[in-house]
Amino acid sequence: GELISAIGDGTLAKAGRYAIVCFIPVGVDPAEYLKASEATPDGPPNIPNAGPPHFSKGMYAEITVE
């Protein structure tokens with residue numbers, strides 16, 4: 001799959017439980033989603049024919065940092 005750059009280096013320095021969730025819609029090119037997100041900073045991007053978010057198909061995880 002295609003990697004998407006994130007802010008920071010991915011380090012979780014504070015102890016606790018974290019949820020990692022993907023909100024990119026199924027069937028949408030991640031680059032198209034990011035471009036649309038930048039164009040609509042005050043709300044979710046409007047992308048025609050977008051499916052449900054990836055997390056609804058199982059793209060999520062829980063991480064515990066001790």
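Residues numbered from 1 in each chain as written. Predicted model: local features only at pLDDT ≥ 70, side-chain atom pairs only at ≥ 80, totals over all residues. Heavy atoms only, no water.

**A few points about unusual backbone geometry**
No. 1: The phi dihedral of Asn-49 is positive, around 65°, even though this residue is not glycine.
No. 2: Within the fold, Asn-49 resides in the loop between α1 (30-39) and β2 (60-65). (Helix = DSSP H or I, 4+ residues; strand = E, 2+ residues; numbered from the N terminus.)

**Concerning the nonpolar core**
No. 1: Membership of the largest hydrophobic core is limited to 6 residues, which are Cys-22, Ile-24, Val-28, Tyr-33, Ala-36 and Ile-47.
No. 2: If we skip the residues at most four places from it in the chain, Ala-36 touches Pro-45 and Ile-47. (Core = buried A, V, L, I, M, F, W, Y, C linked by side-chain atoms within 4.5 Å. Buried < 20%, exposed > 50% of the residue type's maximum accessible area, 1.4 Å probe, protein only. Contact = heavy atoms within 4.5 Å.)

**Topic: the packing of aromatic side chains**
No. 1: As enumerated under the stated definition, the model contains 1 aromatic pair in all.
No. 2: When the ring of Phe-23 is compared with that of Phe-55, the centres are 5.2 Å apart and the planes differ by 70°; the resulting orientation is edge-to-face. Placement of the pair is Phe-23 in the loop between β1 (16-21) and α1 and Phe-55 in the loop between α1 and β2, with a sequence separation of 32 residues.
No. 3: Phe-23 sits in the exposed class, given a relative accessible area of 52%. (Phe/Tyr/Trp six-rings, centres within 6.5 Å; stacked < 30°, edge-to-face > 60°.)

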